[in-house]
Amino acid sequence: MPSLLLVAAAAAAMECGALTNQPSGGDYLNPADASKLRLVEAYHFTQNVESLKRGESGSVAGDLAYTLEHFPNHHRALGALVR
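Below, the structure is looked at part by part.

Describing the side chain of Asp-63
By secondary structure assignment, the location of Asp-63 is in helix H4 (residues 60-70). Of the buried charged residues, Asp-63 lacks a salt bridge, with Arg-54 as the closest side chain of opposite charge at 7.5 Å. Once residues within four sequence positions are removed from consideration, Asp-63 is found in contact with Tyr-43, His-44, Val-49, Gly-55, Glu-56, Ser-57 and Gly-58.

What follows is the structure, encoded as structure tokens:
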């Protein structure tokens, strides 16, 4: 059975097309990655996405997948994914 993250990534690719930028592998806890984190959170991990109400750039699953591709240890996004 495929993992939920893989399903979410596939859903994001279907809705938005293939990602043109490569995941940064940023660290949610690293202050050096703060500017990239703010950018991802501004466009993909908003209150609506965190509360699972609606996606910002497509589906909730797509925005969660995008966030976790760029910040795999994003604590709040991981919590939303579990919910």
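Notes on the environment of Pro-72
Among the secondary structure elements, Pro-72 is positioned in the loop between H4 and helix H5 (75-82). Assessed through its relative accessible area of 47%, Pro-72 is described here as partly exposed. With 44 residues separating them along the chain, Pro-72 and Tyr-28 place their C-alpha atoms 7.8 Å apart. Setting aside residues up to four positions removed in sequence, Pro-72 forms contacts with Gly-25, Gly-26 and Leu-78.

Cut-offs used in this document
- Residues numbered from 1 in each chain as written.
- Predicted model: local features only at pLDDT ≥ 70, side-chain atom pairs only at ≥ 80, totals over all residues.
- Heavy atoms only, no water.
- Helix = DSSP H or I, 4+ residues; strand = E, 2+ residues; numbered from the N terminus.
- Buried < 20%, exposed > 50% of the residue type's maximum accessible area, 1.4 Å probe, protein only.
- Lys, Arg positive; Asp, Glu negative; His and termini not counted.
- Salt bridge = Lys/Arg side-chain N within 4 Å of Asp/Glu carboxyl O.
- Contact = heavy atoms within 4.5 Å.

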